[in-house]
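Results of the structural survey
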Amino acid sequence: MDKSLQLHQFNTWANEKVFEKLKELPPEMYRKEVESVFPTIADVLVHMYQVDYVWLQVLKGKTFEDILNSVKQLHEELNTADLQNMQKKFEAMSDDYENFIKGRGDLSADITVHHPHFGTLNSTYADLVQHIVNHGTYHRGHLSAIVNQLGYKGASIDYIFYLYSLQEKKQTS
């Protein structure tokens, strides 16, 4: 399996595990404020989704201006979504990423990203996929911290647990 596809599938698996845990919490915990990097679970999920959305648009070759315009509308939509709707959005985004990765072909191909503040980045599709996965991992850590601050236990979502889950699937197939 292509490493970028496996990383993406890990990202999807980890998000699914987080949503499973979040659905176990009382509903009011979704927007309960805490002293943390983000004030609520909802705020972390909105940020994660928006960034995933932006990077998918970048990978598809959209311009910064087009992406910025679509994110403004998306932000309003996300801020009113409940946990179940956010999970559906993450699942659909995951499918979009998987279709892109499978359809792209050579992920070691070069891509040039233009950003008005950060400048021009020459990279590869594979490196950007890895960045996207790392970004998700980083913020799932924030979610774990918030869940712990609220008095609950977070999900076990280290990459090694994903690898064990793959092995388990092979053994039961």
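Summarised in this report is the structure supplied together with it. (Residues numbered from 1 in each chain as written. Predicted model: local features only at pLDDT ≥ 70, side-chain atom pairs only at ≥ 80, totals over all residues. Heavy atoms only, no water.)

Further remarks concern the pattern of salt bridges. The final tally for this structure, using the stated rule, is three salt bridges. Close ionic contact of Lys 21 with Glu 24 constitutes a salt bridge, the shortest N to O distance being 3.8 Å. Residue Lys 21 and its partner Glu 24 are located together in helix H1 (residues 3–24), separated by three residues, close to a single helical turn. For Lys 21, a relative accessible area of 28% gives the class partly exposed. For Glu 98, the salt bridge identified is with Lys 102, shortest N-O distance 3.0 Å. Within this pair, Glu 98 and its partner Lys 102 are both found in helix H4 (residues 83–104), separated by four residues, close to a single helical turn. Taking relative accessible area as the criterion, Glu 98 reaches 18% and is therefore assigned buried. (Salt bridge = Lys/Arg side-chain N within 4 Å of Asp/Glu carboxyl O. Helix = DSSP H or I, 4+ residues; strand = E, 2+ residues; numbered from the N terminus. Buried < 20%, exposed > 50% of the residue type's maximum accessible area, 1.4 Å probe, protein only.)

Axes are the key here: two packed helices are described by the angle between their axes and the distance separating the axes. Here H1 crosses helix H6 (residues 159–172) at 100°, and the two axes come no closer than 10 Å. In terms of orientation, H1 lies roughly perpendicular with respect to H6. Residue-level contacts link Lys 3, Gln 6, Leu 7, Gln 9, Phe 10 and Trp 13 of H1 to Tyr 159, Phe 161, Tyr 162, Leu 163, Ser 165 and Leu 166 of H6. (Axes fitted to C-alpha atoms, helices over the stretch in contact; angles between N-to-C directions. Parallel < 35°, antiparallel > 145°, perpendicular 65-115°, else oblique. Contact = heavy atoms within 4.5 Å.)

When strand E1 (residues 110–115) meets strand E2 (residues 119–124), the two strands line up antiparallel, connected through six bridges. Across the sheet, the residue bridging to Asp 110 is Thr 124, located in E2. The loop that links E1 with its antiparallel partner E2 comprises three residues. (Pairing = 2+ DSSP bridges.)

Before going further, it helps to examine the packing of aromatic side chains. What the rule picks out here adds up to eight aromatic pairs. Consider the rings of Phe 19 and Phe 90, whose centres lie 5.2 Å apart with planes at 65°: the pair is edge-to-face. One end of the pair, Phe 19, is in helix H1; the other, Phe 90, is in helix H4, and 71 residues separate them in sequence. Owing to a relative accessible area of 6%, Phe 90 belongs among the buried residues under this scheme. With 5.6 Å between their ring centres and 65° between their planes, Tyr 49 and Phe 90 make a pair best called edge-to-face. Of this pair, Tyr 49 sits in helix H2 (residues 41–59) while Phe 90 sits in helix H4, placing them 41 residues apart in sequence. Residue Tyr 49 shares its accessibility class with Phe 90, and that shared class is buried. Put simply, the rings of Phe 10, Trp 13, Tyr 159 and Tyr 162 touch in pairs and so form one group of aromatic residues. The lysine or arginine in question, Arg 104, covers the ring of Tyr 125, its NZ or CZ lying 4.0 Å from the ring centre. (Phe/Tyr/Trp six-rings, centres within 6.5 Å; stacked < 30°, edge-to-face > 60°. Lys NZ or Arg CZ within 6 Å of the ring centre and 35° of its normal.)

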